[in-house]
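# Secondary and tertiary structure notes
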Amino acid sequence: MFNALVITRPESGYRCECAAIDEAQLPASGDVTVRVAWSTLNYKDGLAITGKSPVVRSFPMVPGIDFAGSVTQSDNPRWKPGDRVLLNGYGVGETHWGGLAQMARVKGEWLVALPATLSEREAMAIGTAGYTAMLCVQTLQRHWADAGVAPGSGEVLVTGANGGVGSVAVSLLAGLGHTVVASTGRLQETDHLKSLGAASVIDRNELGAPGKPLQKERWIGVVDSVGSHTLANACASTRYGGAVAACGLAQGMDLPASVAPFILRGVTLYGIDSVMAPMPRRVAAWEALAKTLDRQQLAAITREIGLNDAVGAASEILAGQVRGRLVVNVNA
């Protein structure tokens, strides 16, 4: 038996609670069994646990789109008992039982070897949010390399900067030498964001309302986890030849923009998908995170909770009340 969060949909509605599960109930479609050490809470986990959005596609479901732990049993030639592994995405926690549990059984081709220099806890402090931030940064780096843009040659905007993706993106970009402008709805966190490397902080309201289709050029690049008007305004104020990496929809799924920035300024809008990203790109992102992410800054944006705390924390993360990252000790 092991403990897990379990989402059910009884006649009375939608429920998520901690329950004891027999290992025999783990999904038969997996070929690798993992003893989970740590998981995490992302925005999508908050949606799944609360039922605020139809993230979960089948019931009962164990939520959790991330986990890190050790292999206990494997029918996959890539893995053997004792291997340290992590997982992000692939529909885990949505269509396949996920990581907010003490045990998981998944397909071996979904797993990434945990970098030797990262602990399971550190990997989940990074989690899908940090991994997505790195995918955004690497996408911008490739774009800048092609365009001949050097660090320090202009400002880089990070929206939703107090969230998981935003916090890590600020740290990564500042560490690479870029001048980072952090956009947030919590200006009381200005000192914290500057401690991560932000050169300046702006109120999210500057970007969150309808704006002109083409605005004063400012950003050489953008990491956006917000969507809607914020993304539209970010595109409209990106400099000629600049790029925007879009990875979230906290404000909304709509994009009330025009084609003007793209055809008049050559702005490129990149969609960043972390769920089904190809394995080579995943491995490259995790290797880069292990080498470059400031561990002290990671610790500063991380809060630890237990499995039983995850349900309450899910509402906090949707309400924008969580600074940085939440790691879940599934064995606490």
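Please refer to the structure placed before this passage.
Every value quoted in this text rests on a predicted model; they were computed, and no experiment measured them.

Per the counting criterion, the structure on display carries three aromatic pairs. When the ring of Y90 is compared with that of W110, the centres are 5.7 Å apart and the planes differ by 10 degrees; the resulting orientation is stacked. Within this pair, whereas Y90 is found in the loop between β5 (84–88) and β6 (103–106), its partner W110 is found in the loop between β6 and β7 (112–113), the two being separated by 20 residues in sequence. Looking at Y90, the relative accessible area reads 15%, which means it is buried. With a centroid separation of 6.2 Å and 15 degrees between ring planes, the pair formed by Y131 and W286 is classed as stacked. In this pair, Y131 sits in helix α2 (residues 120–147) while W286 sits in helix α7 (residues 279–292), placing the two residues 155 residues apart along the sequence. Overall, the relative accessible area of 0% leaves Y131 in the buried class. When the ring centre of W38 is taken as origin, the NZ or CZ atom of R121, which lies over that ring, is 5.4 Å away.

Turning to the sheet that holds strand β9 (residues 179–184), a few remarks are in order. Sheet strands associate in pairs through backbone hydrogen bonding, adopting either a parallel or an antiparallel arrangement. With parallel pairing, the six strands of this open sheet are ordered in space as β10-β9-β8-β11-β12-β13. The strands lining the two open edges of the sheet, one partner per strand, are β10 (200–203) and β13 (268–271). Each strand axis lies, on average, 20 degrees off the axis of its neighbour in the sheet, ignoring direction. As judged from the five bridges shared by strand β11 (residues 219–224) and strand β12 (residues 238–246), these two strands associate in the parallel manner. The partner of V223 across the bridge, within β12, is A245. The sheet strands contacting helix α5 (residues 228–236) are β8 (155–158), β11, β12 and β13, and the helix crosses β12 at an angle near 155 degrees.

Cut-offs and rules
Residues numbered from 1 in each chain as written. Predicted model: local features only at pLDDT ≥ 70, side-chain atom pairs only at ≥ 80, totals over all residues. Heavy atoms only, no water. Phe/Tyr/Trp six-rings, centres within 6.5 Å; stacked < 30°, edge-to-face > 60°. Helix = DSSP H or I, 4+ residues; strand = E, 2+ residues; numbered from the N terminus. Buried < 20%, exposed > 50% of the residue type's maximum accessible area, 1.4 Å probe, protein only. Lys NZ or Arg CZ within 6 Å of the ring centre and 35° of its normal. Pairing = 2+ DSSP bridges. Axes fitted to C-alpha atoms, helices over the stretch in contact; angles between N-to-C directions. Contact = heavy atoms within 4.5 Å.

Nothing here speaks to function; it is geometry throughout.
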